[in-house]
Amino acid sequence: MDVETFVVPPLENNVYLVYDAATRHGVLIDTALAGTKVLPRIRELGITLTHILNTHGHADHVADNVSIAKETGAKVGIHEADAYRLEKVAKEPRWYISKPIAPSKADVVLKEGTVVEVGSIALRVLHTPGHTEGSVCFYAPEAGYLFTGDTLMRGTFGFTNGPGGSPAMIFQSLRRLYELPPETKVFPGHGRPTRVADEAWIANLRYAAPH
Ligand SMILES: [Zn+2]
Ligand SMILES: [Zn+2]
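Residues numbered from 1 in each chain as written. Chains lettered and ligands numbered in written order. Predicted model: local features only at pLDDT ≥ 70, side-chain atom pairs only at ≥ 80, totals over all residues.

**Observations concerning the overall build of the chain**
Convention followed: Each helix corresponds to a stretch of at least 4 residues labelled H or I by DSSP, and each strand to a stretch of at least 2 residues labelled E; elements are numbered beginning at the N terminus. C-alpha atoms define the radius of gyration in this analysis, and the globule rule sets the expected value at 2.2 Å times the number of residues to the power 0.38. With C-beta atoms placed from the backbone, a residue is buried if 20 or more other C-beta atoms are within 10 Å of its own, exposed if 12 or fewer are, and partly exposed between those counts. Placing C-beta atoms from the backbone, we regard two residues as in contact once those atoms come within 7 Å.
In terms of helices and strands, the chain carries five helices and twelve strands. The C-alpha atoms of the chain give 16 Å as radius of gyration, which agrees with the globular expectation for 211 residues (17 Å, within 12%). If you line up the chain on its principal axes, its C-alpha atoms span 50 × 40 × 25 Å. Residue burial in the chain is summarised as follows: out of 211 residues, 45% are buried. Long-range contacts, defined here as pairs at least 24 residues apart, represent 61% of the contacts in the chain between residues at least 6 apart.

**A closer look at the sheet that holds strand β5 (residues 75-79)**
Either a parallel or an antiparallel arrangement is found when strands of a sheet pair, and the pairing is made through backbone hydrogen bonds. Selection criterion: DSSP calls a pair of strands paired once it identifies at least 2 bridges connecting them. Angles run from 0 to 180 degrees between N-to-C directions of axes, and those axes are lines fitted to C-alpha atoms, restricted for helices to the stretch in contact.
Taking strand neighbours across the sheet as the criterion, the six strands line up as β1-β2-β3-β4-β5-β6 in an open arrangement whose pairing is mixed. The sheet terminates laterally at β1 (2-8) and β6 (108-110), the two strands that pair on one side only. The mean angle between the axes of side-by-side strands here comes to 25°, regardless of whether they run parallel or antiparallel.

**Looking at the sheet that holds strand β10 (residues 145-149)**
Across the sheet, six strands lie side by side as β7-β8-β9-β10-β11-β12; this open sheet has mixed pairing. Two strands bound the open sheet, and with one partner strand each, they are β7 (115-118) and β12 (194-195). Relative to β10, strand β9 (residues 136-140) is paired through three bridges, and the arrangement is antiparallel. Its bridge partner lying in β10, F138 is registered against F147.

Shown next as structure tokens:
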């Protein structure tokens, strides 16, 4: 299993090209505005892109979904609870995205436990709500790789005060991720990679329910 990282606009997003070198099948984890960088590389490697997998439906992560899907024939997968955002982001311009986002629909609706096969690689969907209601992580247990979007980043986690966000839920999600094998390599939606073992702050998270 090979992973190539592209750090791209609009918000220094990480887009990951995950592929099986033997079968030349691959998936793209999030698109952001990676089209101009990623498409030539996919062609160069001779990869058949089967899926675009969104960690969640925020505009910065899905901006190039439509153009990359059109160019490659890849199917767009997003968790069922965030699927509505693919149309929503097209109606709500963001100052940090200079071009309009094309609306789209999910081709594949992901749920907890969905397995996406990429050649000999199995990517398992972990539903980890909190940053948004339909945020997911993609877990490749054999490789020990975890793609976390904005749920878990090096030393921190994504904001929980947007629509669909919940501090109580992200704390639960983070605790769940912290139970994965300590050597698991974490590929976040922004910033440098880390390992589960290096995110020990999660063990000390306390959520005081409002009363
Ligand atoms: Zn986000
Ligand atoms: Zn983000």
